[in-house]
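Residue strings, one per chain:
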Amino acid sequence: MHDTQTPIGNRPPSVAGLFLERVAATPGAEAYRYPVPPASVDGPADWKSLSWAQAADRVYNIAAGLIELGVRPEERVALASSTRIEWILADLGIMCAGAATTTVYPQTNTDESAYILSDSGSRVLIAENAEQVAKAVEQRAALPELAYVVVIDPAATGSSEEWVLSLAELEARGKARLRKDPELIKERVSAITKDHLATLIYTSGTTGRPKGVRLPHDNWSYMAKATAATGLLRATDVEYMWLPLSHVFGKAMTSTHIEIGHVVAVDGRADKITENLPVVRPTFMAAVPRIFERVYNGVAAKARASGASKYKIFLRAAQVAREYAKTRQDSLRRSGTASVPFALSVKHKAADALVFAKIREAFGGQLRICVSGSAALAPEIGYFLSGAGIHVLEGYGLTESSAAAFVNPHQAYRTGTVGKPLPGMEVRIADDGEIILRGPGIMQGYHNLPEKTAEVLEKDGWFHTGDIGELSADGYLRITDRKKDLIKTSGGKYIAPAEVEGQFKAICPYVSNILVHGADRNFCTALIALDEAAITAWAAENGMAGRPYPDIVAAPATVEMVDGYVRQLNEGIQRWQTIKKFRLLPRDLDVDHGEITPSLKLKRPVVEREYKHLIDEMYQGTREA
């Protein structure tokens, strides 16, 4: 068992109390930046700022407005919106009213949205736009407890429904209430205890209905203090926030921001990341592996498109980056000093001038560190970015642990691990390799599901994660796979599919998603989806310019090209892990089809059901067929 007991100081009983403390401490400091779309759709956005005092004015008005609507302590207020400044202000307003936020991904379909609103007993829905309002209106008969819908987008408030009002109207009601009762918010916040429900997050299950994870205020206060104690973030940092705030990873970062007091630039539009980074010039960014994979694949594809000589330069530089990063990390682990041989240092300096500096500039040129979570990052991509000066610190946690349970230390991070436990978090590895956690970040349980809670949460507080891992002697954790995702072949060999999939992503610059299949089979196969932008550029160079994506992936030349990367993968893995056959999918996997979660994690059972005919085809004529 490993236990990190670094002191994290006293924490208030609620994250709402933490917010009040921050506003009192630095009222005039910049808290948030957010984009205001220009008159021209194609033009760059203007970025505006809010100080902590300005943010608090809006937060308190939202809180008082909800109280005016009759929202009582711990009652749920649902929030269905993409990541934007109003999401953060509304969430803080809900908590400062003493209520609890039910997070709803905007991509959630009407039926599941209605289930979440009903199961949570949400009294109010704060909806981003007309699309989100329509879901509630369509299902209103099944939602007797839902009394009001508040709309963020001013253009979507034309509803004749009297139960629908705009966010501006809610804030106006709150402002009027505060004129009559100026101590209202302080009174509500002071009444919150550490065990009061703060957030209800529904996990996106691969089968059946999602489960609501109950996270009390103490979880977020702990998360803020424990993350601050790691020293990863500084008050002088500028953080770029694009993560889905309905996901626990993004939500945890908002709590940490309140404790640290740095600047957060908020824009959840994934298609604007490349455009925003040089403008925001962040020093810190949290992301999921898919973003780093896209960066790597984009750089590799661009180098290849620039001609054979430049592509060779890139490949040599990538090799130097990985060697440099591995050597520094090994040196630090052995001797406590990060050093590299002189000859390698010279190679690295040359590669930096030719390749790496441009990559850092694409991130804004000021990036100090990134934190990656939600899924495993392929080590070869991690080493490449590390050697290029983009320091990606992997972390680990679940919705049930309020996001972070482990994170790599800044100066001594080890690529391929998720680092050490956060202060106050205990961990042990069960006999079957399962990671078991205990600490202040662990959930209260699943909402309305005591039997499901008892399956994973022991009476003494130990939580069974369902993940398999290994702890080093000095406390670094390496995740092997999800317990339920381990493949056992008909020959009795165990395979961690995520490990093979990660290695392929590091080899093939055109892959978007890959699923390795082989449970109860005598060999492994793969379903491969290609990145549309990357493969379209490749197609243009190979006589297929202008052809649609399905035609490109069906072309024999494309299959042959991918086959070369599969053979390269097979050369570096164990015989029983090798991919004997594969099929290219006619489209990429996406959230809308339910094949990946909004945090970009693969839903294996869904994909295997959808493409069962392709899997069966690959095993036709074998002994399993």
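Now for a description of the structure that goes with this document. All chains use their own residue numbering, which begins from 1 and follows the written sequence. Whole-chain, interface and lining totals are the exception, using all residues; otherwise, since this is a predicted model, local features are given only for residues with pLDDT of at least 70 and side-chain atom pairs are given and counted only at 80 or more. Calculation of side-chain values draws on the structure's entire complement of heavy atoms; hydrogens and water are dropped beforehand.

## Observations concerning the overall build of the protein
Filter applied, for reference: Helix numbering and strand numbering both begin at the N terminus, where a helix is a DSSP run of H or I of at least 4 residues and a strand a DSSP run of E of at least 2. To get the radius of gyration, use the C-alpha atoms; to get the globule rule, take the number of residues to the power 0.38 and multiply by 2.2 Å. Only protein chains enter the accessibility calculation, which uses a 1.4 Å probe. A residue is then buried if its area is under 20% of the maximum for its type, exposed if over 50%, and partly exposed in between. All accessible-area figures derive from a Shrake-Rupley calculation using a 1.4 Å probe, and residue coverage is judged against the displayed protein chains alone. His is not counted, nor are the chain ends, whereas Lys and Arg count as positive and Asp and Glu as negative. Charged side chains are reduced to one point each, which is NZ for Lys, CZ for Arg, CG for Asp and CD for Glu.
In terms of helices and strands, the protein carries 21 helices and 27 strands. Against the globule reference of 25 Å for 625 residues, the protein gives a C-alpha radius of gyration of 25 Å, in line with a compact fold. Principal axes of the C-alpha set define a box for the protein whose edges measure 75 × 60 × 55 Å. Residue burial in the protein is summarised as follows: out of 625 residues, 55% are buried. Carbon and sulfur atoms provide 50% of the accessible area of the protein, an area that totals close to 26,000 Å². With 72 positive and 74 negative side-chain charges, the protein shows a separation of 5 Å between the mean positions of the two kinds.

## A look at the packing of aromatic side chains
In plain terms, the rule: Planes of paired rings set the category: under 30 degrees apart is stacked, over 60 is edge-to-face and the rest tilted, where pairs are Phe, Tyr or Trp rings (Trp by its six-membered ring) whose centres lie within 6.5 Å. Note on criteria: charge over ring means Lys NZ or Arg CZ within 6 Å of the ring centre, with the direction from the centre no more than 35 degrees off the ring normal.
Considering all chains together, one arrives at 11 aromatic pairs under this definition. Through successive ring pairs, a cluster of aromatic residues spans Phe19, Tyr32, Trp52 and Tyr60. Arg428 extends its terminal NZ or CZ atom over the ring of Trp462, reaching a point 4.5 Å from the ring centre. Positioned over the ring face of Tyr619 is Arg521, at 4.0 Å from the centre of the ring.

## Quick notes on the sheet that holds strand S3 (residues 46–51)
Operational definition: Only when DSSP finds a minimum of two bridges between them are two strands counted as paired.
On the basis of which strands lie adjacent, the open sheet formed by 9 strands has the order S3-S2-S12-S11-S13-S14-S15-S16-S17 and mixed pairing. Each edge of the sheet is formed by a strand with only one pairing partner; in this case those strands are S3 and strand S17 (420–421). Direction of pairing for strand S15 (residues 392–398) relative to strand S16 (residues 403–407): antiparallel, over a ladder of 4 bridges. Residue Leu398 lies in a different strand from S16, and its bridge partner there is Ala403.

## Quick notes on helix H9 (residues 248–260)
How we decide: Given a helix with a known number of residues, its expected span is that number minus one, times 1.5 Å.
End to end, H9 covers 19 Å across 13 residues, agreeing with the expected 18 Å (1.5 Å per residue, within 8%). Counting buried residues along H9, 12 of its 13 residues qualify, which places the element largely inside the surrounding structure. Buried within H9 we find Val248, Phe249, Gly250, Lys251, Ala252, Met253, Thr254, Ser255, Thr256, His257, Ile258 and Ile260. Trailing H9 by a residue or two, Gly261 shows a phi angle of about 85 degrees, which is positive.

## A few points about the nonpolar core
As a reminder, the rule being used: To form a nonpolar core, buried Ala, Val, Leu, Ile, Met, Phe, Trp, Tyr and Cys residues must be joined to one another through side-chain atoms within 4.5 Å. By definition, residues are in contact when any of their heavy atoms lie within 4.5 Å.
Core analysis: the largest hydrophobic core is formed by 164 residues, its most contacted members being Tyr32, Phe504 and Ile528. Residues contacting Phe504, with those up to four places away along its chain left out, are Val511, Ile514, Ile528, Val562, Tyr565, Val566 and Leu569. Of all hydrophobic cores here, the second largest spans 18 residues; its members include Leu125, Ala136, Val164 and Tyr202.

## Here's the deal with the layout of surface pockets
Counted only if it meets this: Of the two site types, the cavity is a set of points on a 1 Å grid over the protein atoms alone where a 1.4 Å probe fits but cannot get out, and the pocket is an open set with protein on both sides within 12 Å along at least five of seven lines, each lined by residues with an atom within 4 Å of a point. Grid points are joined across faces, edges and corners, and a volume is the space filled by probe spheres set on the points.
The space that makes up the second largest pocket amounts to roughly 1,000 Å³. Contributing to the lining of the second largest pocket are 29 residues, with Val295, Gly298, Val299, Lys302 and Ala362 lying nearest its centre. Among the elements of the structure, helix H10 (273–280), helix H11 (289–305), helix H12 (308–335), helix H13 (342–362) and helix H17 (532–541) are those that each provide at least two residues to the lining of the second largest pocket. Of all the elements, H11 adds the most residues to the lining of the second largest pocket, at 10 residues.

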